[in-house]
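Letter by letter, the chains look like this.
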Amino acid sequence: MNTMVPVGRISKLFGVAGEMAVNLYNTFPGEINHEEPLYAVIDGLAVPLFLEDFRRRGRSGPLMRFADLDTPVRAGGPTGPALFIKSGVPAKAQGRVED
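Residues numbered from 1 in each chain as written. Predicted model: local features only at pLDDT ≥ 70, side-chain atom pairs only at ≥ 80, totals over all residues. Heavy atoms only, no water.

1. Topic: the overall build of the protein
Quick note on the threshold: For helices the rule is a DSSP run of H or I covering at least 4 residues; for strands it is a run of E covering at least 2, with both sets numbered from the N terminus onward. Computed with the Shrake-Rupley method and a 1.4 Å probe, the accessible areas treat only the protein chains shown as cover for residues.
Within the protein, the regular secondary structure consists of two helices and seven strands. Beginning at the N terminus, the succession of helices and strands in the protein can be written as β-β-β-β-β-β-α-β-α. Working note: accessible area of the protein is about 6000 Å², and carbon and sulfur atoms make up 53% of it.

Following this line, the structure appears as structure tokens:
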């Protein structure tokens, strides 16, 4: 069973190419797998967001751009929610909610 682990939060839109400034939590993995989506809970549903671009930006966190969110209008929807990854560790072992 997979567990949803919070790894960051979308803080704001950045620029005109759909980039978003993100605050990362210490649970964010050291290596980024572009094949595995991050998830944001939008309207009660876990929506997969596939990472297209990841750029470090000083201490404030990285800029991320996700597939299909390539304009400010499209990217404006998920601003604010937490980002999650799926972990293979059972929820009971981590004390987290199962998806």
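That covers the picture; the talk isn't over yet.
2. Some remarks on the pairing of strand β2 (residues 19-24)
Selection criterion: A pair of strands is considered paired only if DSSP assigns at least 2 bridges between the two.
Pairing of strand β1 (residues 3-14) with β2 involves six bridges; the strand directions are antiparallel. Note that in β2 the partner of Lys-12 across the bridge is Ala-21. With antiparallel pairing between neighbouring strands as the criterion, β1 and β2 make up a hairpin whose turn holds four residues, including Gly-15 at a positive phi of roughly 75 degrees. Summarising the sheet, β2 and strand β6 (residues 63-66) pair through two bridges and their orientation is antiparallel. Within β6, the position partnered with Met-20 by the bridge is Met-64.

3. What to know about the confidence of the model for the protein
Convention followed: Per-residue confidence from the predictor is given as pLDDT, running between 0 and 100. Any two residues whose heavy atoms approach within 4.5 Å are treated as being in contact.
Looking at the protein, the pLDDT average stands at 76 and 74% of residues meet or exceed 70. Scored below 50 in pLDDT, residues 90-99 shows 21 contacts in the model against residues more than four places distant or in partner chains.

4. Notes on the pattern of salt bridges
Charged atoms that come close allow side chains of opposite charge to pair. We count it as follows: Every case where a carboxyl oxygen of Asp or Glu lies within 4 Å of a side-chain nitrogen of Lys or Arg is listed as a salt bridge. A 1.4 Å probe rolled over the protein chains alone gives each residue an accessible area, and that area as a share of the maximum for its type sets the label: buried under 20%, exposed over 50%, partly exposed in between.
Taken as a whole, this structure holds four salt bridges when the rule is applied. The residue Arg-55 makes a salt bridge to Asp-53 at a minimum N-O spacing of 3.9 Å. The class of Asp-53 is partly exposed, set by a relative accessible area of 21%. Linked through salt bridges whose partners overlap, the residues forming this network are Glu-19, Glu-52, Asp-53, Arg-55 and Arg-65.

5. Let's talk about the sheet that holds β2
What counts is decided by this rule: Lines fitted to C-alpha atoms define the axes here, with helix axes fitted over just the stretch in contact, and angles between the N-to-C directions of these axes take values from 0 to 180 degrees.
Taken in spatial order, the seven strands of this open sheet run β4-β3-β7-β1-β2-β6-β5, and their pairing is antiparallel. Since the sheet does not close on itself, it has two edges, and those belong to β4 (45-49) and β5 (51-55), each with one partner. Ignoring which end each strand starts from, the neighbouring axes of this sheet average 40 degrees apart. As defined by bridge partners, strand β3 (residues 38-42) adjoins β4 across five bridges and the pair is classed as antiparallel. Looking at the pairing, Val-41 lines up with Ala-46 of β4.

6. Structural notes on the environment of Val-22
In this fold, Val-22 is placed in strand β2. Expressed as a C-alpha distance, the spacing of Val-22 and Leu-83, which sit 61 residues apart in the sequence, is 9.1 Å.

7. A short note on the packing of aromatic side chains
Condition: In this analysis, rings of Phe, Tyr and Trp, with Trp reduced to its six-membered ring, are considered paired at centre separations within 6.5 Å, and the interplanar angle assigns stacked below 30 degrees, edge-to-face beyond 60, and tilted for intermediate values.
Per the stated rule, a full pass over the model turns up one aromatic pair. Ring geometry for Phe-28 and Phe-54: centres 6.0 Å apart, planes at 10 degrees, overall stacked. Remark: Phe-54 occurs in strand β5 and Phe-28 occurs in the loop between β2 and β3; sequence separation between them is 26 residues.

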